[in-house]
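Results of the structural survey
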Amino acid sequence: MEVVFSVLLVILITGFRVQGQGGLKTGFYSSSCPKAEEIIRATVEAHFNKDPTIAAGLLRLHFHDCFVQGCDGSILITGASGERNALPNLGLRGFEVIDDAKTQLEALCPGAVSCADILALAARDAVVLSDGPSWAVPTGRRDGRVSSKAEASNLPSPTDSIAVQRQKFIAKGLDNHDLVTLVGAHSIGQTDCLFFRYRLYNFTTTGNADPTINQAFLPQLQAICPKDGDGSKRVALDKDSQFKFDASFFKNVHDGNGILESDQRLLGEAATGRIVQNYAGSIRGLLGLRFDLEFPKAMIKMSGIEVKIGAQGEIRKMCSKFN
């Protein structure tokens, strides 16, 4: 039954050609580089087979790219002043996967496929490899010619209140529904003790743990992240299925088992809380939102943020350097 549903889901999501997403369209490379998507998929899979944690890295890389200068591959540029070196981006991973795919594509179709599109396609492939839904990715992005470390300082942060998170998403044309849905990317991936340990011991300088943490889960987190322990120790953002892209992340948030403060806060605010409950399966009925159907829509919307098309930008020869 699950297999049948998955097949139907792929047909539902990929069975139409998206036009006009900021001037993008699916199948953009069907003539200029017909094997582009196939090569990117195979490259992501090869890296994923060696290290499944790379899937979350690629998803996060695309997200961080889109929130600064739009989805234009500006996150990939090396150099001290580039956004890649901004504090919120220092833990990003997956650059070598994008570079690997780009090298192969340049050999086959020189100057045809943008780094920005490779990022968008690799993010989709990472979700699929993690047993998540597939979708048709609108392509045709050009690579940006600006990468600014200073502009990356306003990325969404784990300590942001819901109001601040909402404002950052609204600024990019994304609403409450998109916010909660995209945070569901935390279904896969890990974070460092450093980014949430304050919740476990001295939350808001009270000397106590964050009261929204499930009391049964708190000792487990404290054992993994001792008060004066190694801040770089990694913890799964979804304690039940960190390598499977599914809705269990929302069940965890619903039960007080969210790791990041910004994730757990989604439940406590009326507008976002309803969406969390819906994805967690706490609201029954035919109108209930399905995370595996909604996530592709939110990703297509996000991947159209401030895209450069046509004569804008460039097609980089190397993703880490401007032409």
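Residues numbered from 1 in each chain as written. Predicted model: local features only at pLDDT ≥ 70, side-chain atom pairs only at ≥ 80, totals over all residues. Heavy atoms only, no water.

**As for the nonpolar core**
Among the nonpolar cores identified, the biggest contains 72 residues, and Leu59, Leu76, Ile98 and Phe295 are the most heavily contacted of them. Ignoring anything within four residues of it in the chain, the contact list for Leu76 reads Leu61, Arg84, Phe95, Ile98, Cys115, Leu119, Arg316, Cys319 and Ser320. Residues Tyr201, Ala209, Leu237 and Ile259 belong to the second largest nonpolar core, which totals 14 residues. (Core = buried A, V, L, I, M, F, W, Y, C linked by side-chain atoms within 4.5 Å. Buried < 20%, exposed > 50% of the residue type's maximum accessible area, 1.4 Å probe, protein only. Contact = heavy atoms within 4.5 Å.)

**As for helix H12 (residues 270-279)**
Side chains of residues three or four places apart in an α-helix project in the same direction, reflecting 3.6 residues per turn. Within H12, the full set of buried residues consists of Thr272, Gly273, Ile275, Val276, Asn278 and Tyr279. Those residues of H12 hidden inside the fold are in contact with helix H6 (162-170), helix H7 (176-183), helix H10 (248-254), helix H11 (261-268) and helix H13 (291-302). One side-chain oxygen of the residue at the start of H12 lies 3.1 Å from the amide nitrogen of Ala271, identifying that residue as Glu269. (Helix = DSSP H or I, 4+ residues; strand = E, 2+ residues; numbered from the N terminus. Polar contact = N/O pair within 3.5 Å; in protein donor to acceptor, adjacent residues only side chain to side chain.)

**Thoughts on the state of the cysteines**
Simply put, the disulfide is a covalent bond whose two ends are the sulfur atoms of two cysteines. Overall, the coordinates contain 4 disulfides when judged by the stated rule. Residue Cys33 pairs covalently with Cys109 via a disulfide, S to S 2.1 Å. Taking the sign of the torsion about the S-S bond as the criterion, the disulfide between Cys33 and Cys109, at about 75°, is right-handed. A residue pair is termed long-range when its members are at least 10 positions apart, and Cys33 in the loop between strand S2 (24-25) and helix H2 (36-50) and Cys109 in the loop between helix H4 (95-108) and helix H5 (115-129) qualify at 76 residues. Both residues of the pair, Cys33 and Cys109, count as buried. Indicated for the chain is the disulfide connectivity 1-4, 2-3, 5-8, 6-7, based on numbering the bonded cysteines in sequence order. (Disulfide = S-S within 2.5 Å.)

**Topic: the packing of aromatic side chains**
Within the structure shown, the criterion is met by 13 aromatic pairs. Ring geometry for Phe67 versus Phe169: centroids 5.0 Å apart, planes at 65°, classification edge-to-face. With Phe67 in the loop between helix H3 (54-66) and H4 and Phe169 in helix H6, this pair connects stretches of sequence that are 102 residues apart. Each member of the pair, Phe67 as well as Phe169, carries the same accessibility label: buried. (Phe/Tyr/Trp six-rings, centres within 6.5 Å; stacked < 30°, edge-to-face > 60°.)

**Topic: the environment of Ile259**
Its place among the elements puts Ile259 in the loop between H10 and H11. On the basis of relative accessibility, which here comes to 2%, the residue Ile259 falls in the buried class. Beyond its immediate stretch of four places on either side in the chain, Ile259 contacts Thr191, Phe196, Arg199, Phe217, Leu221, Val235, Ala236 and Leu237.

**Comments concerning unusual backbone geometry**
Here Gln69, not a glycine, exhibits a phi torsion of approximately 65°, which is positive. By the element assignment, Gln69 lies in the loop between H3 and H4. Backbone geometry at Glu306 places phi at a positive 45°, although glycine is not the residue there. In this fold, Glu306 is placed in the segment after H13.

**Thoughts on the environment of Phe250**
With respect to the helices and strands, Phe250 occurs in helix H10. In sequence terms Phe250 and Phe196 are 54 residues apart; their C-alpha atoms lie 18 Å from each other. When residues no more than four places from it in sequence are discounted, the contact partners of Phe250 are Val180, Gly184, Val276, Tyr279, Ala280 and Phe291.

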